Amino acid sequence: MAVDITLLFKASVKTVKTRNKAIGIGFDSTKDEIFKRSRPKSGFSPRAKEVITNITKLKDFLLQHRKDYVSAGSLISSDLSRMTDNDRDQIDQDAQIFMRTCSEAIKQLRNEAEKQVISAQIKEHRGAVLDLIETYLKGVCKLYSEQRAIRVKRMFEQENQRLISEMNSLVDEVRQIEGKVVEISRLQEIFAEKVLQQEAEIDNIHQLVVGATENVKEGNEDIREAIKNNAGFRVWILFFLVMCSFSLLFLDWYDS
Amino acid sequence: FVGSLFLCCISAVALKRMLNFNAPPLKNTAAEPVWKVLIYDRFGQDIISPLLSVKELRDMGITLHLLLHSDRDPIPDVPAIYFVMPTEENIDRICQDLRNQLYESYYLNFISAISRSKLEDIASAALAANAVTQVTKVFDQYLNFITLEDDMFILCHQNKELISYHAINRADIQDTDMEAIMDTIVDSLFCFFVTLGAVPIIRCPRGNAAEMVAVKLDKKLRENLRDARNSLFTGDSMTAGQFSFQRPLFVLVDRNVDMATPLHHTWTYQALIHDVLDFHLNRVVMEEGMGAEPSAGARPKKKSRKTYDLTAADKFWQKHKGSPFPEVAESVQEELDTYRAQEDEVKRLKSIMGLEGEDEGAISMLSDNTAKLTSAVSSLPELLEKKRLIDLHTNVATAVLDHIKSRKLDVYFEFEEKLMSKSTLDKSLLDIISDPDAGTPEDKMRLFLIYYITAQQAPSESDLEQYKKALLDAVCDLSPLNYIKQWKAFTKMAATPANYGNSGVKPMGLFSRVMNTGSQFVMEGVKNLVLKQHNLPVTRILDNLMEMKSHPETDDYRYFDPKMLRGSESSIPRNKNPFQEAIVFVVGGGNYIEYQNLVDYTKSKQGKKIVYGCSELFNASQFIKQLSQLGQK
C-alpha cells in the first residue's frame, strides 16, 4: 500500500531552507522565475487542450439531450421536452459538423507537429497525445452514433408500422369487393335461370302464333271463297228468279 | 473464493493508481484524456512490464515511457511520473532533471522507502531550481518485487547476481556481504507484505539463510507494527477486497533443501519454455529470420529476433501453461481448427453480402444474417487477436518441440522421474551419458547430478570414476559435481535427504501417426508421457505446515508471529487450524517446476490459495553455471 510522503517532503524543504538561511546561502528566486518564464510556451499544448474542451462540450451536449432524443414520445403530449424530428435532424447535423471540425483540428495539429523541427521524443509525445485525443473523439462519436442508430431504428420501425397498417386497410377493401362480386355472380345466375325458363314459354307462344297466323290465313281464304261462292249463288238465284218470272210471263201470254 | 491473494490484481491496481496521479482510476469510459510521461529505472521497468502492456499504458494516458538514465528532452507542458528505486544515482539524476526544468510537474514514486537524507537532497535541489511547487506528490510505493503471475513473484531481475544462490552460498562470503544480501531480500519481502496488507505467520527451518531472512523480517515487521504513527498495517491501509479471517502463512525455505528440482528436465509447457528458450519476465525471445517487433518498455530492439509476451489476457496460455506438452500440441491444433471454422463463417457472410439484390433467396437470408454480420464484424478484432495468439503458440511450441526432439528431452525426463521416485530403471545411466545423440553435455550433467543427489548411497569410487570418464568424453564440465559433493556431505549431516515421493511416469506409447496427419506438430518418436501427481519437497513442506501435520522434517521449524509480544518465540504454533492462504518463498532461487507443482497441489485443495516466490528465477542451465562457479572455488 503506497504511502504519501508529500508532507514529509515539504517538511524537508523547510528544513533545508532554514539550514541554508543559517549557513547564509540564499537563492535568487526572482532571476529563476524570469528564466522560467522566458522559456517559450509551445503552442501545441494549449491547442490540444482546446480541442479536448471542445470535444467535452460536444459530449456534454449529446448527453444532455440524449434522453429527449432517444425518447419515443409518449401520448401524453403535454411533455414539453419532446423533440420533433426537425430538432433531431438539427442535432445530428450540428454534431456531425462539430466532429468533422475536431477531426480537422487534430489533423492540422498532426501536420504541424510533423513539420516542426523538434526532438524525436517530443514528436513521439505529441503523436501519442493526438492519438489519445482521437480515441476520445471516437468515444464521443460512438455516443452519437449509438443514439442515432436507436433513432434510425425507431424510424424504420415506425415506417414498418405504417406500411403494415396500409396493407391491412387494403386487405379489408379487397375483401369487401370480393364479397360484392360474389353476390353479383349469384344474382346473375338466377337471372340466367329465369331467362332460360322464359325461352321455353316464348317458343311455345311463337308456335301458337305461327299456327294462328296460318289459321287466319286459311280463314281468310275460306271467307274469300265463301264470298265468291256467295256471289255466284246469288247470281244463280237471281237468274232463276228472272227465269221464273219470264216463264210466268210467257205462260201468261200463252194463255191469253 | 476465500482470500485476498490475487497478486496480479493487487499489484496492477497499485500501479494503475500510481499512474493516475495516485488517485483511484475512474471507470468512466469516455473520460477526458490526461497525458503524462512515465520515467522509470530498470527496476521499475521490470516491475511494470509483466503487469501492464504498452497499449494499457497508452490507454492510461502515458505518451512516453523513458528510462531515467537516458537522454530526455524537455517537454515543459507535461506532468511526469517517476517510478524509481531511491539509490544515489537515481536521486542525483532526479535533481538534475529538476534543475533542467524538464517537465511541468513531478510525481515521484519510490519503489521502496526513501531515506530522510535522500529526501532532503531532492528538497535542496528543488529549492535551488525553484521547483518546489512543481514537485506535486512524493510516494513510497512499497512495490519492490516483481509480480509474474497471480500467484508467483520474484524479487528482482536486474542485479540478481547480487542475491543469487551463488552469492549466498559461496565459501568466501563475508558477514557484511551476507548482511547486505539479507537486507535486500527482507526489504523486498517487507514491501510485499505491505502491498498485500497482511502480517503473516512465519515458519522457517533452522540453521540456514532462510532462518536469517525470517529473523530479520520478523524484526522489521514487528518494528513497523509497534510504530503507531507510521504503521503500514493499520485497517485503512488494507487493500480492498475479500479478506480471509485468518492471517496467511509464510513459509521460508532454502534452496539447499531440494537441489534436484532445479536441474530436472520438465514436461509442462511453461517450465519447458523457461528451460529451453530465452524466457524471462513473461517474455519469450526467439531467434527468427524475421524483423524485430516493437517491444514494451523501450528495450533495445534486437535484430532478427521475435519477442512474445505471454500475458494473463492470453486465454490459451492461462489454460495450458501447466499442461503436459503433448496436450498443448493437441490444443493448439484444436484452436487452429476452431479459428479456421470461424474464419470460414465470416467469409461466407461476406460472400452473401456480395450477392445482395441478385439472388431472391439471398435477400431472405439477409434478414437473419444481418444480426450475424453485426456480431461477426464486432468479433473481428477478437478473431484477429485469436489468430495472433495461435501463431504465437504455434511458433513457441514448434521451437520447444525442436529442442525436445534434438536433445531427446523426453528420455531425460522419464529417467529423472524414475530416479527421483526411486523406481526401477530400464536403462542404465551410463548408456544415456555415453549416447552421443541424446542431449547436450549440460543435459547429461544435469542427469548425473540428479542421480548423485537422489542416490541413497553414494556410488562407489570405481563407479564414480566410470561416470566421470563418460561425462568427460561427452565434453561435460565436472565442476558442479565438486560442489554437489560438498552439499551432499553437509545435508547428510543436517537432516534426512529429501524424499521426492512416489511419482509415476507412465509412458503412453509413441504417438500414433493417425493423430498427426494434418497436425502441425509431428511428434512421432516422442513419447507421450503422463505425469502422476506427486509432491516435490517444497510442496510437501508446505503441506505439512499448512495442514498442521506432524512430520520430522518440519516439526523443528521455527515459528514467528510479528503481532505477538516478545517472549513467545516457542516453536509450538498457537494456531491450531489449517491455514487457508500461504506464501512459499525459496531463498536462493526457484523455478517453474516447483511453481507448477504448487499450482497442481492447490488445485487439489478446495478453497486454498498459495503464492510462490523466490529470490531469483533460474533455469537449469543458469543454475548449473552457478554450481560450476561454486565448484571451482
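As recorded by an unreviewed UniProt entry, chain B carries the name Sec1 family domain-containing protein 1 and is attributed to Astatotilapia calliptera. As stated in UniProt under Function (unreviewed entry), the record for chain B gives "Plays a role in SNARE-pin assembly and Golgi-to-ER retrograde transport via its interaction with COG4. Involved in vesicular transport between the endoplasmic reticulum and the Golgi."

As recorded in an unreviewed UniProt entry, chain A goes by the name Syntaxin-18, listed as coming from Astatotilapia calliptera. Recorded in UniProt under Function (unreviewed entry), the annotation for chain A is "Syntaxin that may be involved in targeting and fusion of Golgi-derived retrograde transport vesicles with the ER."

Peer 1: Sorry if this is basic, but what is going on with the overall build of chain A here?
Peer 2: Along the backbone of chain A there are five helices and one strand. Buried residues in chain A amount to 17% of all 256 residues. Surface exposure of chain A reaches about 19,900 Å², of which carbon and sulfur atoms provide 60%.

Peer 1: Can you help me understand the interface of chain A and chain B in this one?
Peer 2: Interfaces are often described in size by the accessible area the parts lose on coming together. The interface is formed by 40 residues belonging to chain A together with 46 residues belonging to chain B. The contact between chain A and chain B buries some 4,100 Å² in all, and 64% of this surface belongs to carbon and sulfur atoms. Sorting the residues of chain A by area buried against chain B places Met1(A), Phe9(A) and Gln121(A) first, and these three jointly supply 20% of that buried surface. The interface formed by chain A and chain B includes three salt bridges. As a salt-bridge pair, Glu120(B) and Arg19(A) come within 2.6 Å of each other at their nearest N and O atoms. Sorting the residues of the side of chain A that touches chain B by element identifies strand S1 (3–4), helix H1 (6–23), helix H2 (29–37), helix H3 (44–70) and helix H5 (120–255) of chain A as the ones contributing at least two each. Among the elements that take part in the side of chain A that touches chain B, H1(A) stands out by supplying twelve residues, more than any other. Classifying every residue of the side of chain A that touches chain B by side-chain character gives 18 nonpolar, eleven polar and eleven charged. Bridge analysis of S1(A) against strand S5 (residues 135–140) of chain B gives two bridges, and the strand direction is antiparallel.

Peer 1: Looking at this structure, how should I read the pattern of salt bridges?
Peer 2: Close approach of charged atoms allows side chains with opposite charge to pair. All names here are of chain A. Following the criterion strictly, the structure yields 44 salt bridges over all chains and no others. Where Arg-47 meets Glu-112, a salt bridge forms, and the shortest distance between an N and an O atom there is 2.5 Å. Here Arg-47 is found in helix H3, whereas its partner Glu-112 is found in helix H4 (residues 85–115), with 65 residues between them in sequence. Taking relative accessible area as the criterion, Glu-112 reaches 35% and is therefore assigned partly exposed. With a shortest N-O distance of 2.7 Å, Asp-92 and Arg-151 are connected by a salt bridge.

Peer 1: Can you walk me through the pairing of strand S1 (residues 36–40) of chain B in this structure?
Peer 2: Residues and elements named next belong to chain B. S1 sits mainly inside the fold: five of its five residues count as buried. Across the two faces of S1 the burial is the same, with Lys-36, Leu-38 and Tyr-40 and Val-37 and Ile-39 all buried. Across five bridges, the pairing between S1 and strand S2 (residues 62–67) is parallel. Across the sheet, the residue bridging to Tyr-40 is Leu-67, located in S2. Two elements, S1 and strand S3 (residues 75–84), share four bridges in a ladder whose sense is parallel. Note that in S3 the partner of Ile-39 across the bridge is Tyr-82.

Peer 1: Where do I start with helix H20 (residues 537–546) of chain B in this structure?
Peer 2: Helical geometry: 3.6 residues make up each α-helical turn, so side chains three or four residues apart lie on a common side. Residues and elements named next belong to chain B. Most of H20 sits inside the fold, with ten of its ten residues counted as buried. Buried residues of H20: Pro-537, Val-538, Thr-539, Arg-540, Ile-541, Leu-542, Asp-543, Asn-544, Leu-545 and Met-546, and no others. The inward-facing, buried residues of H20 abut strand S8 (201–204), strand S9 (249–254), strand S16 (581–587), helix H21 (592–604) and strand S17 (609–614). After H20 finishes, the residue Met-548 shows a positive phi value of roughly 55°.

Peer 1: When you look at unusual backbone geometry in this model, what are you seeing that I'm missing?
Peer 2: The phi angle of most residues is negative, glycine excepted, and most peptide bonds adopt the trans form. Residue and element names in this part refer to chain B. One non-glycine residue, Asn-22, lies in positive phi territory at about 60°. Looking at the secondary structure, you find Asn-22 in the loop between helix H1 (7–19) and S1. Even without being glycine, Asn-130 reaches a positive phi, approximately 55°. Turning to its location among the elements, Asn-130 is positioned in the loop between helix H5 (116–128) and S5.

Peer 1: Looking at this structure, I do not really get a nonpolar patch on the surface. What am I missing?
Peer 2: A surface patch of nonpolar side chains, about 770 Å² in accessible area, is lined by Trp236(A), Leu238(A), Phe239(A), Val242(A), Met243(A), Phe246(A) and Leu249(A). Among the residues examined, Val242(A) registers a relative accessible area of 36% and is labelled partly exposed.

Quick notes on the rules
Residues numbered from 1 in each chain as written. Chains lettered and ligands numbered in written order. Predicted model: local features only at pLDDT ≥ 70, side-chain atom pairs only at ≥ 80, totals over all residues. Heavy atoms only, no water. UniProt positions renumbered as here; feature names shortened; annotations may be inferred. Helix = DSSP H or I, 4+ residues; strand = E, 2+ residues; numbered from the N terminus. Buried < 20%, exposed > 50% of the residue type's maximum accessible area, 1.4 Å probe, protein only. Areas by Shrake-Rupley, 256 points an atom, 1.4 Å probe, with all protein chains shown as cover. Contact = heavy atoms within 4.5 Å. Buried area = accessible area lost by both parts, 1.4 Å probe. Salt bridge = Lys/Arg side-chain N within 4 Å of Asp/Glu carboxyl O. Nonpolar A, V, L, I, M, F, W, Y, C, P; charged D, E, K, R; others polar. Pairing = 2+ DSSP bridges. Patch = residues over 30% accessible without salt bridge, like charges linked within 9 Å, V, L, I, M, F, W, Y side chains within 5 Å.

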